[in-house]
Each structure stands twice: as structure tokens, then as C-alpha cells.
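Listed below are the residues making up each chain.
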Amino acid sequence: MKHLHQGPIPSSLIANLYEENLKSSTNGAHAIFLGQVRADKFSDHNVEAIDYSAYNEMAEKEIDKIINYFKETESLAELIIYHSIGIVKAGEVSLLVWLKNKHRKGSFDNLKKIVESVKFNVPIWKKELFKDGSHRWIDERK
Amino acid sequence: MIKLKVFGQLTDIIESEEIVLESSSLDDLKKELIRSYPILEKYSYQFSVNHEIVFENKHLNPEDEIAILPPFAGG
């Protein structure tokens, strides 16, 4: 799997990307988004974890499309996206977007658009897992 | 016979991650699904054929990969 990561995205992956992405000094801006699972409360139930499921092959293709689109239209130097599948506990990271650009101009706006694109276009679903064993599917439209 | 992959909340409704239907077109598949699972009328979803979202009617071949997809919720 290229962009889907089984389980939470570990700090070691982020540290490795830090080492790799800063090797070259031709780019001056790195904009990074980390999506962390929140310990939300729903009807007196605390969210212990989120179970992410995906239509894997289609999700990989859609993330490729997002990367190619933004690299071409916004002339980004590099765009890296990882999304978790499987169980990610509250407090752990489930989404990483790392954007490299020559200048900071456009970096913040593009980062926001890319995160929204992942939410809107990639076939991934999430269900909140509660301590009593019950679960609730998340509908992002609500 | 067509295999339909099921995702997200619909796996709870249909109680499976894959079902087999007899339809040969997308419109027929939709009708057959509602007949088998009338509660689906209360839910939002779209269909993909070979990893592309399809809105209009389309002939389905047995080797096509068809999926029913609830609204995405990644990120």
C-alpha cells in the first residue's frame, strides 16, 4: 500500500520524512497537517478509538489523483499523503499531509484544499468505538 | 451474476461486505437492492464500477467490480 497505512501513523514515519524531505535545500516551505483522533463524547460514551475502513484500491487511486492534480496545477515540489486504515486510538494520528513548495505563498491555502480533497474524494469510512463495545458510524455531512 | 462490494455503514445494513445479485445493468441492480433491502431507501450512497463513480445507467459485465459506497468520511 502506498498511501494507506495499517494502524496509527507512527512518529518514526514522520521523523523519516523529516530527514528525507529536508535533504534538498531548493524548497523553502514545508506545510504539514496531522489529523489526530479526538477523544470525543457521544451520549455519555467516550470514543476510545476509530476504526477506519477503505475501498483500498480505489482509495489509493484517488489519493494518487489528488497528488498529481495539486503537483501539476499548483507546481508543488512534492506532496505526501498517508491515511490510516484499521484501528487508531484516541490521541493517535490517522492522517498526514506533507507539502513541499519553493515559497510559502500558496502553501497554507493548498494544504487546506488538499485535506478537504482527501475528506471529500477518498473512499474511506470511520466508525467510533466505545468502551462498552458499541460503535457509531460517522457521517461527515452532519 | 454480479458481485457487489459493500462498504461503511452499509455493511451493518446489508450484513455483509459482498453480496451476489442477478442484475445486468446498474438500474436493475439498484431496483434489486431496494427489493432485498427496503431500508436502503433511508440512506445515501453512490455506485462505482471498476473504481470509477457512476451516476447513469450502465451495462454490467460479470468481470466488472461494482461497489456501493456511502458518503466518504476520511480525514
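Residues numbered from 1 in each chain as written. Chains lettered and ligands numbered in written order. Predicted model: local features only at pLDDT ≥ 70, side-chain atom pairs only at ≥ 80, totals over all residues. Heavy atoms only, no water.

A. Focus on unusual backbone geometry. A positive phi angle, near 50°, is found at serine 43 of chain A, a position not held by glycine. Of note in the backbone geometry, serine 75 of chain A takes a positive phi value of approximately 50° without being a glycine.

B. Seen up close, helix H1 (residues 11-21) of chain A. All names here are of chain A. Every buried residue of H1 is listed here: Leu13, Leu17 and Asn21. Here the buried residues of H1 occupy an arc of 60° about the axis, which is enough to place them on one side. For H1, the exposed residues set more than 90 degrees away from the buried face come down to Ser11, Asn16 and Glu19. Residues of H1 that are buried in the fold lie against strand E1 (4-6), strand E2 (29-36), strand E5 (78-89) and strand E6 (93-101). (Buried < 20%, exposed > 50% of the residue type's maximum accessible area, 1.4 Å probe, protein only. Helix = DSSP H or I, 4+ residues; strand = E, 2+ residues; numbered from the N terminus. Arc of directions from axis to C-beta. Contact = heavy atoms within 4.5 Å.)

C. Molecular detail of the packing of aromatic side chains. Overall, the coordinates contain six aromatic pairs over all chains when judged by the stated rule. A centroid spacing of 5.7 Å and a plane angle of 85° characterise the contact between tyrosine 45 of chain B and phenylalanine 47 of chain B, whose relative ring orientation is edge-to-face. Accessibility expressed as a relative area gives 3% for phenylalanine 47 of chain B, which makes it buried. Here the aromatic cluster, defined as three or more aromatic residues joined through ring pairs, consists of Tyr55 and Trp125 of chain A together with Phe7 and Phe72 of chain B. Positioned over the ring face of phenylalanine 42 of chain A is arginine 136 of chain A, at 3.8 Å from the centre of the ring. (Phe/Tyr/Trp six-rings, centres within 6.5 Å; stacked < 30°, edge-to-face > 60°. Lys NZ or Arg CZ within 6 Å of the ring centre and 35° of its normal.)

So far we have only geometry, and geometry alone does not tell us how the molecule works.
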